[in-house]
Amino acid sequence: MDTALQAVDVRKSYGSIQALKGVSLEVGEGELVGLLGPNGAGKSTLVKIACGLVRPSDGTASIAGEPAGSPAAHRALGYLAELFRFPDWLSADELLGMHQQLAGSDGGSRERMRLLDLVGLADAAAMRVGAMSKGMQQRLGIAQAMVGGPRLLLLDEPTSALDPAGRRTVRRLLEELRGQGVAVLLNSHLLSEVELVCDRVAIIARGELVAAGTPDQLSRAGGVEVETSGGTRLFEQASREDAPQIVRDLVAAGEDVYEVRVLRSSLEDAYLEAVGEA
Amino acid sequence: MWIIAVFALRESLRRRVFLVVGLLTLGFLALYGLGTWQLFKSVDEFEPAIEGVEAPTVAGATILGLAMFATLFLGTILAVFLTLGAVRGDAERGLLQPVLVRPLRRRTILAGRFLAAAGVCGVYVVVVFLAATVITWAFSDWWPDRTVQPAIQLAVAVAVISALSLAGSVVLAATANGIAVFMLFGAGLTAGLLGQIGEALSSRTLDRVSDIVSWVLPFEALYQAALAAITAETFGFTRLAINLGPFGGAESASPGLWPWTVAYLALVGAGAAWAFARRDL
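As the structure is a computational prediction, the values presented were derived from the model and not from experiment.

(A) The arrangement of the interface of chain B and chain A in detail. Each partner contributes residues to the interface: chain B has 19 residues there, and chain A has 23 residues. Residue assignment for the side of chain B that touches chain A shows that the elements contributing at least two residues are helix H1 (2-14) and helix H5 (97-100) of chain B. Looking at the side of chain B that touches chain A, its residues break down into 10 nonpolar, 2 polar and 7 charged.

(B) Representation of the sheet that holds strand S5 (residues 66-67) of chain A. Residue and element names in this part refer to chain A. Within the open sheet, the 4 strands sit side by side as S2-S1-S4-S5. Their pairing is antiparallel. A single partner strand is all that each edge strand has here, and the edge strands are strand S2 (17-28) and S5. Bridge count between strand S4 (residues 58-63) and S5: 2 bridges; the pairing is antiparallel. If you follow Ile 63 over to S5, its bridge partner there is Glu 66.

(C) Summary view of the pairing of strand S10 (residues 208-213) of chain A. All names here are of chain A. Relative to S10, strand S9 (residues 200-205) is paired through 5 bridges, and the arrangement is antiparallel. Looking at the pairing, Ala 202 lines up with Ala 212 of S10. Between the end of S9 and the start of S10, which pair antiparallel, lie 2 residues, with Arg 206 showing a positive phi angle near 50°.

(D) Representation of the sheet that holds S10(A). Residue and element names in this part refer to chain A. If you trace the 6 strands from one edge of the open sheet to the other, you get S6-S7-S8-S3-S9-S10, paired in mixed fashion. Two strands in the sheet have a free side with no partner beyond their single neighbour: strand S6 (77-80) and S10. Strand-to-strand twist across the sheet, computed as the mean angle between neighbouring axes with direction ignored, equals 15°. Relative to strand S8 (residues 183-187), strand S7 (residues 152-156) is paired through 5 bridges, and the arrangement is parallel. Looking across to S8, one finds that Leu 153 is bridged to Val 184. Against the sheet, helix H1 (residues 43-51) engages strand S3 (32-36), S6, S7, S8 and S9, with an angle of about 145° to S7. Along the sheet, helix H10 (residues 267-274) contacts S3, S9 and S10; its crossing angle with S9, the most-contacted strand, is approximately 30°.

Conventions used here
Residues numbered from 1 in each chain as written. Chains lettered and ligands numbered in written order. Predicted model: local features only at pLDDT ≥ 70, side-chain atom pairs only at ≥ 80, totals over all residues. Contact = placed C-beta atoms within 7 Å. Helix = DSSP H or I, 4+ residues; strand = E, 2+ residues; numbered from the N terminus. Nonpolar A, V, L, I, M, F, W, Y, C, P; charged D, E, K, R; others polar. Pairing = 2+ DSSP bridges. Axes fitted to C-alpha atoms, helices over the stretch in contact; angles between N-to-C directions.

From the geometry alone we can't say anything about function, so treat these as descriptive.
Right, dumping it as C-alpha cells:
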C-alpha cells in the first residue's frame, strides 16, 4: 500500500512543554484512520504538522512522499481545521471557486456542484457563508477540503457541529472516499463514530502514541454472559468459541437458558485504558 | 499571488473600514473646501507687506500641505485597517489556515496581501490629493508646481506603511500591531517637525535626528519630499515666505531616497517572509 501520510518520530516542543514526544504514524492510500486522544494530547499538533501549519521540533512528516508543508505536499492534501472560519460575504459556490483557484483545480462548476451535492448543500450554492448554520459551514468546510481531489484528507473534528443526520452524511461520504482510494485521517472525540467508520485507530496521550490497531484489535474479549432461570451468569475468561459448551453444561445442570451474550470491551474501554483513565 | 491580491481587494471592499474612511474623506474634503474658500476670501483682501510675495501661492502651498498631511493620515488609517490582522489576526480567527494549506508559498500570500493593500491605499491617497489640489485651484487659481511627483510620493509613503503594518501582523496581535504602526507614524511625523525646528534654529543635532528617522521610516522622507515638490519651482520672496510657514522646511528628495525606499520595502518584505515561514499557526 502506498503511503498517503508518514510521520516519523515527530516531536514538538513549545518552550518547556513537549506537545509531541516522538510520534510515528502511517496512513495508507484509501485507508481511514481515526486519531483519538484526550484534550491536549497532541492530536491537533500532529495534524497541523502534517499540514505544514506547525513546524516539528524534530522528526519528519511527509504527504504522498513530499515533505509536509511543501507546495507539492499541499497539492495532495485537503484539510479542515477544528476551528475554522470562511469569509462570511462569500457564497458557498464562490468559496469553492476561490479554493479551486488556489488549489489549481480545473474542475469548474461541475466539481463545485458535485462537492456541494456530496455534503448535502446542493441547494445552498448561492447562500452566503454568513447566513449558514454552524453545521452547514462544517459541511461546506468538508467540501472545501475535497477541492482538487486530494489524496489525503486531514479532518480535525469534522462532525462536532453536526446533528445525527449530518454525521451520517459525513460517515457515508468518508466511506465513499475510501472506496475512491482517498486516505483520511479523522481526528475526533466521537469514539462511536470512529469505531463505525475507521479501518484503524491511533490513540495519543500526553504526546505519545499509546495504542494503535483496528477497532477489533483494540477492543478485547470480555467474557460470555448467560441469562438463565437462575439469574445472569458471567463467564469472564470465556470466549465466543466457549459459548456452546457453556450452554450445554448449564442445560445439563438443569437450568433454562434464555439468552447468551458474547461480551467485548468497547473502543471506549480500550481508549480509557490506553490513556490511563480507566 | 494575484488570486490572493484580488481576493484581499474584494474582501477590503466589503469591509466597513471603507465606509468609515469614505465618510471621513468626504467630511475632510468638505471642510477643506470650506476652509480654502474662507482662506482665499481673506487672501484676496490681503496686501503683502513685502512686494514680490505671491500671497495666493503662499496660502495655496500652506493649505495644500495641510491637506497632504490629512491625506497621508487617512491613507495610514486605511493601510493599518487593511493589514493589521492579516496574518496573526486572521490565523486566530481561523481564516488563514484553509488558505495556507493550498499549494502556495507563505511569502506569496504576504506579497498578495501587500499588493492589495498598497494598491488600494495608493489609489486612495492619489485621488484625495488630486481632489484637494482641484479644490485649492477652484478657490484660488493656484496650482502646485508639481502634481504627479507628490502624488506618487504620497502613494509610496502609504505603501511603506502598509508593508510595516503587514510585517507587524506576522508577530503582533491585531490591536498591538495597529497601535505600533500608529506610533511609528507619529514618530516619523514628530521627527519631521523636529527637522523643521532644527532648520529654523540651525540645530545640527535636531537635523541629524530627523535625518536618521527619515531613513529608518522613509514614509516621512517621502512625505517631506512630496511637500517640497508642490513648490519646487517657487523662488524669491515667495519662497522665503513659504519657508516661514509650517510646511516650509520640507526636505526635497535626495537622490538616494527612491533606491533606499525600494531596498527598504524589500528588507521589510524579506523580514516578514522569514518570520512568517517560521511561525506556527
